[in-house]
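Examination of the molecular architecture
The primary structure of each chain is shown beneath.
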Amino acid sequence: MPPQTEPSLQLLSTSLFRSEGYEASGHESLERSYHRARAIGRHHGLTIDDILSLTPKFWQSHMDAIVIRDIVAHLLFTIQYNLVAGTIGPYAMKRPDLRPVMEKILSFDVSACFMLNEIDHGCDAKNLETTATLQSDGSFVLHSPTPGAAKFMPPSMPIAGIPRIAIVFARLMVGEDDRGIRPFIVALGDGKEMCKGVKSTTLPSIACGRTLDHAITSFDQVCLSSTAMLGSPKKPANMRSQFLTAINRLGFGTLALSLAAVPSLRSATLIAGKYSLRRMVSDAQGFPKPIISFRTQQLPIMHALAQSTVLEPFAHWITAQFSDTSLEFPVRHALAVIFKGAVMQYTQTSFGDLLERCGAQGVFIHNQLAEIEDLNRCNGIAEGEILVLCIRLATEILLGRYQIPKATKPNSMIAKHEEGYIAEMLTLQRSINEGHRSEAFNNRILPHCRPIVLAIGHRMAYEAAVNAGVDSDLLTLFEVGVIKTDFSWYVENLGLSRADLFDMECKAADSVLPRIGEILNRLDKMEPYLTAPILSAERWEKFIAERETVEGDAFFDIFNGGGYAT
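This write-up is about the structure you can find in this document.

Analysis parameters
- Residues numbered from 1 in each chain as written.
- Predicted model: local features only at pLDDT ≥ 70, side-chain atom pairs only at ≥ 80, totals over all residues.
- Heavy atoms only, no water.
- Helix = DSSP H or I, 4+ residues; strand = E, 2+ residues; numbered from the N terminus.
- Buried < 20%, exposed > 50% of the residue type's maximum accessible area, 1.4 Å probe, protein only.
- Contact = heavy atoms within 4.5 Å.
- Areas by Shrake-Rupley, 256 points an atom, 1.4 Å probe, with all protein chains shown as cover.
- Arc of directions from axis to C-beta.
- Polar contact = N/O pair within 3.5 Å; in protein donor to acceptor, adjacent residues only side chain to side chain.
- Patch = residues over 30% accessible without salt bridge, like charges linked within 9 Å, V, L, I, M, F, W, Y side chains within 5 Å.
- Salt bridge = Lys/Arg side-chain N within 4 Å of Asp/Glu carboxyl O.
- Pairing = 2+ DSSP bridges.
- Axes fitted to C-alpha atoms, helices over the stretch in contact; angles between N-to-C directions.

Before going further, it helps to examine the overall build of the protein chain. Along its length, the protein chain carries 22 helices and 13 strands. Overall size of the protein chain, expressed as C-alpha extent along the three principal axes, is 90 × 80 × 55 Å. For the protein chain, buried positions account for 52% of its 566 residues. Within the protein chain, residue pairs in contact and separated by at least 24 positions form 74% of the contacts whose partners lie at least 6 positions apart. For the protein chain, the accessible area works out to roughly 25,200 Å², and carbon and sulfur atoms hold 55% of it.

This brings us to helix H19 (residues 487-494). When we look at burial in H19, the residues that qualify are Phe 487, Trp 489 and Tyr 490. Buried residues of H19, seen end-on, are gathered within an arc of 155° and therefore sit on one face of the element. Packed against the buried residues of H19 are helix H15 (413-432), helix H18 (472-484) and helix H20 (498-512). Positive phi shows up at Gly 495, right after H19, with a value of about 70°.

Turning to the side chain of Glu 418, a few remarks are in order. For Glu 418, the location among the structural elements is in helix H15. Its relative accessible area of 7% is what places Glu 418 among the buried residues. A polar contact of 2.7 Å, which involves the side chain of Glu 418, links it to the side chain of Arg 459.

The residue Arg 210 is located in the loop between strand S7 (198-202) and strand S8 (215-219) in this model. Sequence spacing of Arg 210 and Ala 508 is 298 residues, and the spatial spacing of their C-alpha atoms is 38 Å.

Glancing now at a nonpolar patch on the surface. A contiguous nonpolar surface patch, about 230 Å² in accessible area, is contributed by Ile 119, Phe 152 and Met 153. Along the chain, Phe 152 turns up in strand S4 (residues 151-153). Given a relative accessible area of 35%, Phe 152 falls into the partly exposed group.

Bringing unusual backbone geometry into the picture now. At Ala 160, a position not held by glycine, the phi torsion is positive, near 60°. Within the secondary structure, Ala 160 is located in the loop between S4 and strand S5 (164-174). Positive phi, close to 50°, is recorded for Gln 221, a residue that is not glycine. Classification of Gln 221 by relative accessible area gives partly exposed; the value is 46%.

As a further point, take the sheet that holds S8. With antiparallel pairing, 3 strands are arranged side by side in an open sheet as S4-S8-S7. The sheet terminates laterally at S4 and S7, the two strands that pair on one side only. Across the sheet, the mean angle from the axis of one strand to that of its neighbour is 15°, orientation sign disregarded. One ladder, built from 3 bridges, connects S4 with S8; its direction is antiparallel. In the strand pairing of S8, Met 153 is matched with Ala 215.

Before going further, it helps to examine the pattern of salt bridges. The full count for this structure, using the stated rule, is 26 salt bridges. In this structure, Asp 97 engages Arg 95 in a salt bridge whose closest nitrogen and oxygen atoms are separated by 2.8 Å. A relative accessible area of 38% means that Asp 97 is categorised as partly exposed. Glu 373 is paired through a salt bridge with Arg 377; the nearest N and O atoms lie 4.0 Å apart. On the criterion of helical spacing, the pair formed by Glu 373 and Arg 377 is a turn pair, its members being 4 residues apart in helix H13 (residues 369-379). Owing to a relative accessible area of 21%, Glu 373 belongs among the partly exposed residues under this scheme. Overall, Arg 377 belongs to the partly exposed group, its relative accessible area being 42%. Within this structure, Lys 274, Asp 524, Glu 527 and Arg 539 form a network of salt bridges that share partners.

And the structure:
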């Protein structure tokens, strides 16, 4: 059984979370999101042990359906409790002077952000330019030496009157000696204005809907106390290992942030499904029929139902594995990348299909589908851009640097695909014989890296779903969807024909269709978190009644010289 936590439904009844519909982006909405993030944090009450030991409570807080009510609040929550608290936590266990800071973070008395990447250094953050120079009295001076060294994206401006701090990654300089990258605790502002030497430039909103107040942040000779640095000032024996240790919470975030896909996909499926059941068109005889009657409307919703049903047991299995400290961290991080890669493929396809099948209604922000799709797109980049992560992981798998959990159901078509695809790439790699940094490897292997990771993720998701006893028809639809992602391989290697696959899909869809309303009703626990007017006729009527309406008595004669009546 999945772990149980206190539901966040009670928060929806408070004035802070009460919503009469879509909340347009703006300063007032942004401030509300910060206060909501604080309320969500205090509601879950995560402890240092939850965060460092990765308890079920920690994972469940990242799958809370309240993410749908306020995406910005969720982003602030996961930055605060995973990235920042998770980075400071191990040091706070050994340094009593850090305990008050941790208490402020855990209670959300301060808003904390994580500053690693710079304008000129994204995927190559190990080459960042920000410096922290050790002074004779043990203090540090934090400085951005070039415009390209400014930190990119994390919010830093005064918002909602909440003081801001950050974990800032900088190159520790002792005289002229570069001692590698260290995390520093830095005060950004008191909630009303910026601290001296800290400059924040707000970026325009990304994509659509409500967004975080992303910014570019630079430092001009900012003085830091001797206690600001986390870790030892000694030069590490291995710079790379020290850097990876310093940023290891990003690996946790790869999984934690991806868990938002669980409530997101369930919500999007419910919105599109309920709308399709009530939206009517006229048949050939002029009688009304719901658009769900058409197979072209049914399939995207059924496949999304199948994916959302499989995704939950997959998430519970992967989080349990990730929390198992007997596994080496590279293997645990590999599992996080596999989960993120697979989930991104399901959701990118399904969100687009569901939005499209809601027609013009789908593109309006107030119906939430576009905003959910936007969050998903951002999650594919945050805490490690998914393509880069897949390239690194697939390369290490091909080089045999470590082993991932083997298939437990090796006779399934999906498991055979994983085994066959990797074997094919190993053969190709041996034929290159020029090393993994060669141009030949770049041209011949790199394009296959993401598909390798996806093949592994599909197999793991399928096995988790079988073990959880997922509905066999939904499981078949999931299997069909997976096969479609690399259909040519199944044709070439397993002799599957287009007719065979279509027949599998058709039979499963025929079995699910009579039950589609019942299956959608299982997602009803998501409905209190949703504000989309198209969920029901009652919501739509209320939404229209509250919109600005204009009437008048004007007359304009377009056929008589455009004259106006007097």
